[in-house]
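Breakdown of the fold
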Amino acid sequence: MKITGIELRRIAMPLRAPFRTSFGVETTRDVLLVRVVTPEAEGWGECVAMSEPRYCSEYVDGAADVLRRFLIPALPAGRADAHAVKRAFAPFKGHKMAKAALETAVLDAQLRTAGESFGGYLGAARDRVPCGVSVGIMDSIPELLDTVGGFLDEGYVRIKLKIEPGWDVAPVRAVRERFGDDLLLQVDANAAYTLADARQLAKLDAFDLLLIEQPLADDDMVQHAALAKLLKTPVCLDESIESAEDAAAAITLGAASIINIKPGRVGGYLEAKAIHDVCVAHGVPVWCGGMLETGLGRAANVALAALPGFTLPGDTSGSRRYFATDVTAPFELADGHLAVPAGPGLGVEPVADILDDVTTSTEWIEL
Ligand code: NPQ
Ligand code: MG
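Procedures and definitions
Residues numbered from 1 in each chain as written. Chains lettered and ligands numbered in written order. Predicted model: local features only at pLDDT ≥ 70, side-chain atom pairs only at ≥ 80, totals over all residues. Heavy atoms only, no water. Near = heavy atom within 4 Å. Polar contact = N/O pair within 3.5 Å; in protein donor to acceptor, adjacent residues only side chain to side chain. Areas by Shrake-Rupley, 256 points an atom, 1.4 Å probe, with all protein chains shown as cover. Helix = DSSP H or I, 4+ residues; strand = E, 2+ residues; numbered from the N terminus. Domains from an automatic or database assignment. Donors = N, O, S within 2.8 Å, 3.2 Å for Na, K, Ca; no water. Buried < 20%, exposed > 50% of the residue type's maximum accessible area, 1.4 Å probe, protein only. Pairing = 2+ DSSP bridges. Axes fitted to C-alpha atoms, helices over the stretch in contact; angles between N-to-C directions. Contact = heavy atoms within 4.5 Å. Buried area = accessible area lost by both parts, 1.4 Å probe. Salt bridge = Lys/Arg side-chain N within 4 Å of Asp/Glu carboxyl O. Arc of directions from axis to C-beta.

What follows deals with the site of ligand 1. In the region of ligand 1, 20 residues are neighbours, and Ser134, Lys160, Lys162, Asn190 and Lys262 sit closest. In the model, an oxygen atom of ligand 1 is placed 2.9 Å from a nitrogen or oxygen of the lysine 160 side chain. Look at ligand 1: alone it shows 440 Å² of surface, and the protein chains cover 99% of it. Of all the secondary-structure elements, those providing two or more residues to the shell around ligand 1 are strand S1 (5-21), strand S2 (24-37) and strand S6 (158-162). Looking at the shell around ligand 1, you find at least three residues from each of domain 1 (5-115 + 351-366) and domain 2 (120-339).

Take the coordination of the magnesium ion (ligand 2) next. The coordination sphere of the magnesium ion (ligand 2) contains the protein donors Asp188 (OD), Glu213 (OE) and Asp238 (OD), at a distance range of 2.1 to 2.3 Å. For glutamate 213, a relative accessible area of 0% corresponds to the buried category. A relative accessible area of 0% places aspartate 238 in the buried class.

It is worth spelling out the sheet that holds strand S5 (residues 132-135) at this point. Strand order in the open sheet formed by 7 strands is S5-S6-S7-S8-S9-S10-S11, with parallel pairing between adjacent strands. Single-partner strands in this sheet number two, and they are S5 and strand S11 (286-288). Of the strand pairs in this sheet, strand S7 (residues 184-188) and strand S8 (residues 212-213) are connected by 2 bridges, and their pairing is parallel. Note on S8: the bridge partner recorded for aspartate 188 is glutamate 213.

Turning next to the sheet that holds strand S3 (residues 42-47). Taken together, the 4 strands give an open sheet; going across it, the order is S3-S2-S1-S13, and neighbouring strands pair in antiparallel fashion. The open sheet terminates on both sides in strands that have one partner only, identified here as S3 and strand S13 (359-366). Recorded for the sheet is a direction-independent mean angle of 25° between the axes of neighbouring strands. In the sheet, S2 pairs with S3 via 6 bridges, with the strands oriented antiparallel. The residue of S3 that forms the bridge with valine 36 is glycine 43. Where helix H3 (residues 96-114) meets the sheet, its contacts fall on S1, S2 and S3, and the angle it forms with S3 comes to roughly 155°.

What follows covers unusual backbone geometry. Trans is the common state for peptide bonds, and a negative phi is the common state for residues other than glycine. In this structure, histidine 95 is a non-glycine residue whose phi angle is positive, near 55°. Position of histidine 95 among the secondary structure elements: in the loop between helix H2 (82-89) and H3. The backbone of aspartate 335 shows a phi angle near 55°, a positive value even though the residue is not glycine. Checked against the element boundaries, aspartate 335 lands in the loop between helix H12 (295-304) and strand S12 (337-339). Given the relative accessible area of 64%, aspartate 335 is considered exposed.

A separate point is the pairing of strand S10 (residues 258-261). Side-chain alternation along S10 places Ile258 and Asn260 on one buried face and Ile259 and Ile261 on a second face that is also buried. In this structure, strand S9 (residues 235-237) lies alongside S10, joined through 2 bridges in parallel fashion. Note on S10: the bridge partner recorded for cysteine 236 is isoleucine 258. Where S10 and S11 come together, 3 bridges link them in parallel fashion. Within S11, the residue paired with asparagine 260 across the bridge is tryptophan 287.

Taken domain by domain, the chain comprises domain 1 (5-115 + 351-366) and domain 2 (120-339). Between domain 1 and domain 2, the C-alpha centre-to-centre distance is 23 Å. Listed by partner, the interface residues are 33 residues for domain 1 and 43 residues for domain 2. In total, about 3,300 Å² of surface goes out of reach between domain 1 and domain 2, with carbon and sulfur atoms giving 64% of it. Three residues, Arg16, Arg20 and Tyr55, lead the burial of domain 1 against domain 2; their summed loss comes to 22% of the area buried on that side. For the pair domain 1 and domain 2, the interface holds 3 salt bridges. When the shortest N-O distance is used, the salt bridge between arginine 20 and glutamate 164 registers 3.0 Å. When residues of the side of domain 1 that touches domain 2 are traced back to their parent elements, those giving at least two are S1, S2, S3, H2, H3 and helix H13 (352-358).

On to helix H9 (residues 244-253), then. Three or more residues of H9 are buried, namely Ala244, Ala247, Ala250 and Ile251. Taken around the axis of H9, the buried residues stretch over an arc of 125°, which confines them to a single face. Residues of H9 that are exposed and point over 90 degrees away from its buried face: Glu245 and Thr252. On its buried face, H9 sits against helix H8 (221-230), S9, S10 and helix H11 (269-281). In the stretch just after H9, glycine 254 is the one whose phi turns positive, near 80°.

Written out as structure tokens, the structure reads:
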């Protein structure tokens, strides 16, 4: 597959409601899209970096810079496929989100050319996936209960509450009391605590949570292992896991008994699949995280979430969880599930007019 050119397209997607986590509030999703053009097909990749380096060290302008300056020039000449692209990127340290966007665009073009879907290529074991939803930090418990109630009415099968010091036991207790013991409930701290908070976090043991996600700093695997010994709630890692090696280390250390896989965070769908395989081999459940993706990123995540090791519902929510208008046909829940796209590649297309409306800049790089 010969790549003839690449478009870097920046879009601004207004969020239906502000999304607050322990590291900040977002009101607009600032997204970098990568479009790979070949004589046979086009492919899309979505960069999941945020405008500012608060969730991790990457940020959108940095991703665009490393793509232009290093990753696009390193693309294999002539025959490019996703595996060759992954190898070509390996000498460059870090920048997993930038790498993932370009590798995914190449994989999409490759699969569209071959007439194969992402799900088929990755090894999806089902044609729909159960969906969870991530609920931001709110100003009050009544507001939280209304929001959670609304999502349950929409059919979500699992609720994840964002927590931080000062917003943890009380919201979890309130949601558990209001919605009952059968609700699948978990929490995500986005690295907001330290090991000194172990006693406070152990209070969450009373609420039968599926897991606590990334309670401590992303580079604190040893302390996560120590914390896991002090909690009944299973510890799940998100930010700490950037590769299959990280996943193996976390499992061996006892730092995680569950892993959140986000393809963007780990450098793409090939690495995401490798992490899935390591976890399956160790009997460690995985689930597919989310980064407020548009329909383009969401399509591939839903395909990944259909692999057999994804035994917990993911943050693969419907488009309307975040956006009034998605850039593709909207992903809509049916009976708490999203259908795995079956068409070639991502199986979805951007709607040209909508995409143009949200575009803030484009850059064409001829190869
Ligand atoms: C997580 N995602 O699991 C993340 C973090 C996150 C769905 O909870 C803008 C863009 C705002 C990406 C806020 C969910 C975001 C973002 C939070 C990602 O840790
Ligand atoms: Mg998380």
